[in-house]
Every structure is written in structure tokens, then in C-alpha cells.
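Letter by letter, the chains look like this.
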Amino acid sequence: MTGDTTRNRVVIWMVVLIVENASASLRGEISRWMIEPRAGVFVGKVPARVREKLWELVRSKMPKGGGMLIHNARTEQGFAIRSFGDTRRQIVDLEGISLVKFSGLK
């Protein structure tokens, strides 16, 4: 039998989730799925559905914070970046390439 075997299985990708000014309880919820090698930085391999649920959770529980989500994607760079809130870094799309713009530097 030949063909694409990925159609019938869940693909799990590496995800990096960065949260700024997150409460200890939110960090605890995220750490159920991912490890926290440094305060506010989470790394793990989770299915897309879990990744999206975690992103929704972070956005809903951090009205005054900021966050960034980096995950594998079918792009030129092989990953996608999403961010929200008050952070010193902004993601800028330049002809399909994600670049980081620093703001607030003196």
C-alpha cells in the first residue's frame, strides 16, 4: 500500500510560548503541557489543537501582559510567530519573512 500516511495521524510539532507578566497560576496551567526552562518561557511538543487552546487561555488571562507563540508552519522559514499585548518586540512581515522589530530601545 502506498500513499501519504500522515492523513490519519495527529502531527505533533515543537512549540515555544513566551509570556510576560503572567500570574503564577497561569504559568502553572501552561506547565501541565510544556516545560518552563526559564521564567515565562515554555517549550513543548503538543498537537495543534492543544497549542490553540493554550494560546486562547493565555490571551484571555493576560489582559495587561504580553505573549508570543512560535510554532512549526509551512512557511519559507518553517515556522510562524504570533504575538499580542505590550512587548518590546514586534513581529513584522517582510515579503513573507517574519522579522523582529525592537521598540523602546534608547
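If you're wondering where the values come from, they're calculated on a predicted model, not measured in any experiment.

**Things to note about helix α2 (residues 48–61)**
- In this model, α2 (14 residues) spans 20 Å end to end at C-alpha, consistent with the 20 Å of a helix rising 1.5 Å per residue.
- By the burial criterion, the buried members of α2 are Val-50, Arg-51, Leu-54, Trp-55, Leu-57 and Val-58. For α2, the buried positions fall inside an angular range of 160 degrees around the axis, keeping them on one side. Counted as exposed and oriented over 90 degrees from the buried face of α2: Arg-49, Lys-53 and Ser-60.
- Contact partners of the buried residues in α2: β1 (12–20), α1 (24–30), β3 (41–47), β4 (66–72) and β5 (79–85).

**Looking at the nonpolar core**
- Leu-17, Val-19, Ile-30, Met-34, Val-58 and Met-62 are the most contacted members of the largest nonpolar core, which totals 17 residues.
- Breaking this core down by element, the ones donating at least two residues are β1, α1, β3 and α2.
- At five residues, the largest contribution of residues to this core is made by α2.

**Some remarks on the environment of Glu-29**
- Note on placement: Glu-29 falls in helix α1.
- In the structure, Glu-29 is positioned 29 residues away from Val-58 in sequence and 9.6 Å away in space, judged by C-alpha atoms.

**Here we look at the sheet that holds strand β2 (residues 35–38)**
- Strand order in the open sheet formed by five strands is β2-β3-β1-β4-β5, and the pairing between neighbours is antiparallel. Each edge of the open sheet is held by one strand with a lone partner, namely β2 and β5. Taken over all neighbouring pairs, the strand axes of this sheet differ in orientation by 20 degrees on average, direction set aside.
- Here β4 pairs with β5 via seven bridges, running antiparallel. Within β5, the position partnered with Gly-67 by the bridge is Phe-84.

**Some words on the confidence of the model for the chain**
- Per-residue confidence for the chain gives a mean pLDDT of 86; residues scoring 70 or more make up 87%.
- Looking over the chain, one finds the lowest element-wise mean pLDDT in strand β6 (residues 89–94), namely 85, and the highest in β2, namely 97.
- Between residues 1–5, whose pLDDT stays under 50, and residues either more than four places distant or in other chains, the model counts zero contacts.

**Some details on the environment of Glu-52**
- Structurally, the position occupied by Glu-52 is in helix α2.
- Each C-alpha atom of the pair Glu-52 and Leu-69 lies 9.8 Å from the other, and the pair is 17 residues apart in sequence.
- A polar contact of 3.0 Å, which involves the side chain of Glu-52, links it to the side chain of Arg-51.

Here is what the cut-offs are and how they apply
Residues numbered from 1 in each chain as written. Predicted model: local features only at pLDDT ≥ 70, side-chain atom pairs only at ≥ 80, totals over all residues. Heavy atoms only, no water. Helix = DSSP H or I, 4+ residues; strand = E, 2+ residues; numbered from the N terminus. Expected span 1.5 Å × (residues − 1). Buried < 20%, exposed > 50% of the residue type's maximum accessible area, 1.4 Å probe, protein only. Arc of directions from axis to C-beta. Contact = heavy atoms within 4.5 Å. Core = buried A, V, L, I, M, F, W, Y, C linked by side-chain atoms within 4.5 Å. Pairing = 2+ DSSP bridges. Axes fitted to C-alpha atoms, helices over the stretch in contact; angles between N-to-C directions. pLDDT = per-residue confidence, 0-100. Polar contact = N/O pair within 3.5 Å; in protein donor to acceptor, adjacent residues only side chain to side chain.

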